[in-house]
Amino acid sequence: MLATLDHVRLTALAGCEPLLRSFYADLLGMREVTGPHMLAVRGGCWFTGEHGGAQLHLGAESPYHPGTRTHPSLRVTDIDALADRLRTHRAPIVWDGQLPGHRRFFTLDPAGNRLEFLQPTC
């Protein structure tokens, strides 16, 4: 039986790990974690939230083509502050009010991966 979500894997162009580290660790405040050596040699990087939990794995690929609709959804505690922070770093912010009981927006990471951020309103 399903217990919990372990990780989500996205892809990025091989060699753009420094941009991903800047975005996910420095801008979003996620913590980089080390993957098993046999996987780390393939490139990419892995991150987890501030308090652990599910991980986000970014695998390196060449050639690379970002998905247009697939995305992880990340729950946040101060959505307005995060949107302002991302906007300051020139990340696109697209608000979407179609999920009842939540405020949410979408953005793109430096590799073009779509990300959803949401905060419950109740």
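Thresholds applied
- Residues numbered from 1 in each chain as written.
- Predicted model: local features only at pLDDT ≥ 70, side-chain atom pairs only at ≥ 80, totals over all residues.
- Heavy atoms only, no water.
- Core = buried A, V, L, I, M, F, W, Y, C linked by side-chain atoms within 4.5 Å.
- Buried < 20%, exposed > 50% of the residue type's maximum accessible area, 1.4 Å probe, protein only.
- Helix = DSSP H or I, 4+ residues; strand = E, 2+ residues; numbered from the N terminus.
- Contact = heavy atoms within 4.5 Å.
- Pairing = 2+ DSSP bridges.
- Axes fitted to C-alpha atoms, helices over the stretch in contact; angles between N-to-C directions.
- Arc of directions from axis to C-beta.

## Considering the nonpolar core
Here comes step 1: Ranked by size, the top nonpolar core spans 25 residues in total, and within it L20, Y24, L28, L86, F105 and F117 carry the most contacts.
Here comes step 2: Only β1 (7-13), α1 (17-27), β3 (45-49), β4 (52-61), α3 (79-88) and β8 (114-120) provide two or more residues apiece to this core.
Here comes step 3: Once you skip the residues sitting within four places of it in the chain, L20 turns out to touch A12, A25, C45, F47, L58, D109, P110 and A111.

## Comments concerning the sheet that holds strand β5 (residues 73-75)
Here comes step 1: Across the sheet, which stays open at both edges, the four strands sit in the order β5-β8-β7-β6 with mixed pairing between neighbours. Here the strands that pair on one side only, and so sit at the sheet edges, are β5 and β6 (94-96). Across this sheet, the average inter-strand angle for adjacent strands is 25°, counted without regard to direction.
Here comes step 2: When β6 meets strand β7 (residues 102-108), the two strands line up antiparallel, connected through three bridges. Directly across from V94, in β7, lies its bridge partner F106.
Here comes step 3: Strands in contact with α3 are β6, β7 and β8; relative to β7, the strand with the most contacts, it is inclined by about 20°.

## Side note on the sheet that holds β3
Here comes step 1: Taken together, the four strands give an open sheet; going across it, the order is β1-β4-β3-β2, and neighbouring strands pair in mixed fashion. The sheet terminates laterally at β1 and β2 (31-33), the two strands that pair on one side only. The mean inter-strand angle of the sheet, taken between neighbouring strand axes irrespective of direction, is 30°.
Here comes step 2: Pairing between β3 and β4: five bridges, direction antiparallel. Within the sheet, the bridge partner assigned to W46 lies in β4 and is H57.

## What about α3?
Here comes step 1: What α3 keeps buried is the set I79, L82, A83 and L86. Viewed along the axis of α3, the buried residues span an arc of 100°, placing them on a single side of the element.
Here comes step 2: Elements in contact with the buried residues of α3: α1, β6, β7 and β8.
Here comes step 3: Following α3 by one or two positions, R90 adopts a phi angle in the positive range, close to 65°.

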